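A structural walkthrough
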Amino acid sequence: MNLEQAKSLDKKGWHRYAGELKPETRMFIDGEFVDAKKGRTFKSINPATGEVIAEVARGNGDDVDRAVKSARKAFKSGVWSRMAPRDRMDILYRYAELIREHAVEFALLDTLNMGKPISDMINSDIPGSALTFQYFAETIDKIDGQVTNTAATEFHYILREPLGVVGCVVPWNYPLMMAAWKVAPALAAGNCVVLKPAEQSPLSANVMARLFIEAGGPAGVFNVVQGLGEEVGKALALHMDVDKIAFTGSTEVGKLMMVYAGQSNMKRVTTECGGKTPQIVLGDVENLDTAVEYAINGIYGNQGEVCNAGSRLLVDVKLHDAFVERFKEKSKTAFVPGDPLDPKTSMGPLVTKEQQKRVLGYISAGKEEGATLAFGGAVPEGLEAGCYVAPTLFTGVNNKMKIAREEIFGPVAAVLPFKDLAQAVEIANDTSYGLAASIWTSNVNIAHKAARDIEAGIVWVNCFDHGDMTQPWGGYKQSGQGRDKCFETMLHHTQTKSVWMHIG
Ligand code: NAD
């Protein structure tokens, strides 16, 4: 059933398909599914119900080594890296189409694994992932070398070549899409890949690898090693024959990736890490209702488990009460926790019991530090079996409080009032993160000033979370140093070779 047909499924239909699902639980190396060398497994749990979905292969350093060898062998053979660009493009176009055609399987696996509403998968993650492969396929024959202007006795040209073996280490909040953001540019540039999905959401990666072969991709080019971060992720990042780690995840682990690179072969590392995004609403905002609606979507979408979640609501004191009132009112119906397999559900559970505990811990810290709980703050009634936390709002927050400083990665928003633009920018920048920010104003000069002064990789003006594949996605400061999407990402997966000929 393809993407369009999947849109017509109702709750009963999704549950029926979920009951029939038999996920592949092994790992994918050299074109085939294999068990972990030691035969170990770990449990994959549905956070909406607490039920075990599958026992998944738990790899270790030996499995990583096997996958890297397979990727290296494929790379050296030239079967992918030297394939004519048009042929590589055709395979990735077909692959994008196959992602759309397997919409039901992908939607179910990610929703059952991490609790995301199925409608988000159908309307956003699956089309977005297919588009990612399509976009990077389109760039394949747009990577040019160069002939430089030099002395008449010399001839100098610069080639752009793939790096070799790329290790992609990804998080659980958008399992398919984050894997697509990493794997697509790596493959498009001619590299071979070893993907390590998060242990909380391992299952869709196996379908990705299987479909690559179905699309005509050669064996060994796309490998998946399942397992834990400290075992498989670490072994991959320390491996002497991996040329690059493309990482998305927490700032803490992003820093470790850089350490592992230094401890091993100085491999390239790009990191996309956490955030504490400010949404700044100025007193001259043209339409307060629109700003409030975007603010609500910006923090409660995907259960707040979003790197750019707009968790700090910086509101002009003049607007504060009106903003909070409307935010409370509109939040009552905007995100209501429920069964993620129901296409009408707008909010699912958090990914695990640990994550639920962590988020509830932040809510307690907010109360202890003197912030006012405006609504939410607890596990919703009737949903105690799952890992749910209700949408939550704190007012009376200052930027020194833990809930304003640390990435909560859950549906918790904090309102921080400010007096003028200078103070808003100061608060916005008073963070170790710098992934994104938004500013709401009807004054174009103020918009430009704020965009200039805010220290973030993405600044939205009078919107939030708008963008397409041309938008560089990545942060300033400790939100990381890589960029996803965009043409620049493709270049990050290549290296230049200077060929200098003396022609006499
Ligand atoms: P995480 O850092 O715990 O894990 C990310 C990946 O790293 C997982 O595959 C995990 O298994 C692996 N890993 C964990 N410990 C490791 C270790 N010691 N060595 C090697 N690998 C290890 O992050 P998470 O909890 O899965 O994801 C949430 C984080 O991801 C948040 O901080 C969020 O902001 C960030 N994120 C950032 C972006 C972005 O584009 N900037 C996008 C999505 C998520």
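Right, let's talk about the site of the ligand for a bit. In the region of the ligand, 29 residues are neighbours, and Val170, Glu199, Ser250, Cys273 and Glu407 sit closest. Take Gly249: an N or O atom from its main chain is 3.4 Å from an oxygen atom of the ligand. Residue Ser250 places a side-chain N or O atom 2.6 Å away from an oxygen atom belonging to the ligand. Considering the ligand on its own, with 850 Å² of exposed area, one finds that the protein chains cover 91% of that surface. When residues of the shell around the ligand are traced back to their parent elements, those giving at least two are α9 (229-238), β10 (244-248) and α10 (251-263). The element best represented in the shell around the ligand is α10, accounting for 4 residues.

This paragraph deals with the domain arrangement of the protein. Looking at the assigned domains, one finds that the protein contains domain 1 (3-272 + 480-498) and domain 2 (278-466). Placing a centre on the C-alpha atoms of domain 1 and another on those of domain 2 gives a separation of 30 Å. The interface of domain 1 with domain 2 comprises 26 residues on the first partner and 26 residues on the second. Summed over both partners, the interface of domain 1 with domain 2 comes to about 1900 Å²; 61% of that surface belongs to carbon and sulfur atoms. It is Pro47, Pro117 and Trp172 that lose the most area in domain 1 upon contact with domain 2, and together they represent 25% of the buried surface on that side. Linking domain 1 with domain 2 are 0 salt bridges, by the criterion used here.

Cut-offs used in this document
- Residues numbered from 1 in each chain as written.
- Predicted model: local features only at pLDDT ≥ 70, side-chain atom pairs only at ≥ 80, totals over all residues.
- Heavy atoms only, no water.
- Near = heavy atom within 4 Å.
- Polar contact = N/O pair within 3.5 Å; in protein donor to acceptor, adjacent residues only side chain to side chain.
- Areas by Shrake-Rupley, 256 points an atom, 1.4 Å probe, with all protein chains shown as cover.
- Helix = DSSP H or I, 4+ residues; strand = E, 2+ residues; numbered from the N terminus.
- Domains from an automatic or database assignment.
- Contact = heavy atoms within 4.5 Å.
- Buried area = accessible area lost by both parts, 1.4 Å probe.
- Salt bridge = Lys/Arg side-chain N within 4 Å of Asp/Glu carboxyl O.

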